[in-house]
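Coordinates in review
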Amino acid sequence: MKPSQNQQQKGSKTRSFHIIMERFWLAIAIASLAVVSYFFVVDGVNRVTLQYLVFPALAGLMYAFRSTFRKRMDKQDSGN
């Protein structure tokens, strides 16, 4: 059974949203890693500045999750 045009448009919007969110988390990961690197240069590497690595790590995990989820959805959509 072929999806209706309305369903195709909704799927296209959903895919666009997933791509936007994926790029958002990648940008946040890169920006936060740059800020943490700056803190390493200014303050030196110590226990406090090492804790800041949590933020780029979480953003990187969110990027990986979104990317995997989008690819899985694309594969599922192409299989139907």
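So, here's what we can say about the structure. (Residues numbered from 1 in each chain as written. Predicted model: local features only at pLDDT ≥ 70, side-chain atom pairs only at ≥ 80, totals over all residues. Heavy atoms only, no water.)

1. Examining a nonpolar patch on the surface
Judged by side-chain polarity, L33, V45, L50 and L53 come together as a nonpolar surface patch covering roughly 340 Å² of accessible area. Relative to the helices and strands, L33 is located in helix α1 (residues 5-43). Residue L33 is classed as partly exposed on the basis of its relative accessible area, which comes to 42%. (Patch = residues over 30% accessible without salt bridge, like charges linked within 9 Å, V, L, I, M, F, W, Y side chains within 5 Å. Areas by Shrake-Rupley, 256 points an atom, 1.4 Å probe, with all protein chains shown as cover. Salt bridge = Lys/Arg side-chain N within 4 Å of Asp/Glu carboxyl O. Helix = DSSP H or I, 4+ residues; strand = E, 2+ residues; numbered from the N terminus. Buried < 20%, exposed > 50% of the residue type's maximum accessible area, 1.4 Å probe, protein only.)

2. Focus: helix α3 (residues 54-79)
End to end, α3 covers 37 Å across 26 residues, agreeing with the expected 38 Å (1.5 Å per residue, within 8%). Among all positions of α3, only P56, A59, R66, S67 and R70 are buried. (Expected span 1.5 Å × (residues − 1).)

3. Comments concerning the environment of A29
When you line up the elements, A29 lands in helix α1. With a relative accessible area of 11%, A29 lands in the buried category. Taking C-alpha positions, A29 is 7.6 Å from F55, a pair spaced 26 residues apart along the chain. Aside from chain neighbours lying at most four places away, what touches A29 is P56, A59 and G60. (Contact = heavy atoms within 4.5 Å.)

4. A short note on the pattern of salt bridges
The full count for this structure, using the stated rule, is three salt bridges. Of the charged contacts, one joins R15 and D74 as a salt bridge, the two residues approaching to 3.2 Å between their closest N and O atoms. Highlighted residues: R15 in helix α1 and D74 in helix α3, separated in sequence by 59 residues. Take D74: its relative accessible area is 22%, and that puts it in the partly exposed class. In this structure, R70 engages E22 in a salt bridge whose closest nitrogen and oxygen atoms are separated by 2.5 Å. Taken together, the residues span a long stretch of sequence, with R70 in helix α3 and E22 in helix α1 at a distance of 48 residues. Its relative accessible area of 13% is what places R70 among the buried residues. When its relative accessible area of 8% is taken as the criterion, E22 is described as buried. Through salt bridges with shared partners, a single ionic network connects R15, E22, R70 and D74.

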